[in-house]
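Report on the structure
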Amino acid sequence: MPLSLSRPIDEPLYTKPVHSAFIGTSLEADLRVHDIILLFMCGLTSNMCVNMTVRMAENLGFEVFVVEDVCATLDRVGPDGVRRRAEDVHAYAMLDFCGEFCIVVKASDVQGLLG
């Protein structure tokens, strides 16, 4: 059965003007007001928006987990003109995170981590 996500009507929705969800939004302030320090992140695109948001979250002192199988990206053409497959770009993005800015997990791991 496909996963379906819906947002409760009273849950905030953030529209970000740049790659990081922390710039130009009240996300950080809202998390701090509610004493939320543990973040599970997913989204599009692994190597850009997810990347920027994860790095900023860690720099701001949050404990960050990236749910790798709920992130994705697109094929990219490098400065050398070579097209990289989305799967490879995604894998490199997860590699860059791992051990530096967050802990990379699978969706099946999340429930156990929430205890």
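Here the structure is shown first, and the text comes after it.
Residues numbered from 1 in each chain as written. Predicted model: local features only at pLDDT ≥ 70, side-chain atom pairs only at ≥ 80, totals over all residues. Heavy atoms only, no water.

What follows concerns the pattern of salt bridges. If you walk through the whole model with that rule in mind, you get 5 salt bridges. Between Glu87 and Arg85 there is a salt bridge; the shortest N-O distance is 3.6 Å. For Arg85, a relative accessible area of 46% puts it in the partly exposed group. Via salt bridges that share partners, Arg85, Glu87 and Asp88 belong to a single interconnected network. (Salt bridge = Lys/Arg side-chain N within 4 Å of Asp/Glu carboxyl O. Buried < 20%, exposed > 50% of the residue type's maximum accessible area, 1.4 Å probe, protein only.)

Here the focus is the pairing of strand E2 (residues 63-72). Note that strand E1 (residues 38-44) and E2 share 6 bridges and pair parallel. For Leu38, the partnering residue across the bridge sits in E2 and is Glu63. Each parallel crossover has a hand, and the one from E1 via helix H2 (residues 46-59) to E2 is right-handed. Taken together, the 3 bridges between E2 and strand E5 (residues 103-105) define a ladder with parallel strand orientation. Looking at the pairing, Val67 lines up with Val105 of E5. (Pairing = 2+ DSSP bridges. Helix = DSSP H or I, 4+ residues; strand = E, 2+ residues; numbered from the N terminus. Right-handed = clockwise from strand over helix to strand, strands pointing away.)

Now for unusual backbone geometry. In this model, Leu44 is joined to Thr45 through a cis peptide bond whose omega is -10°. By the element assignment, Thr45 lies in the loop between E1 and H2. Backbone geometry at Asp35 places phi at a positive 55°, although glycine is not the residue there. Tracing the sequence through the fold places Asp35 in the loop between helix H1 (27-33) and E1.

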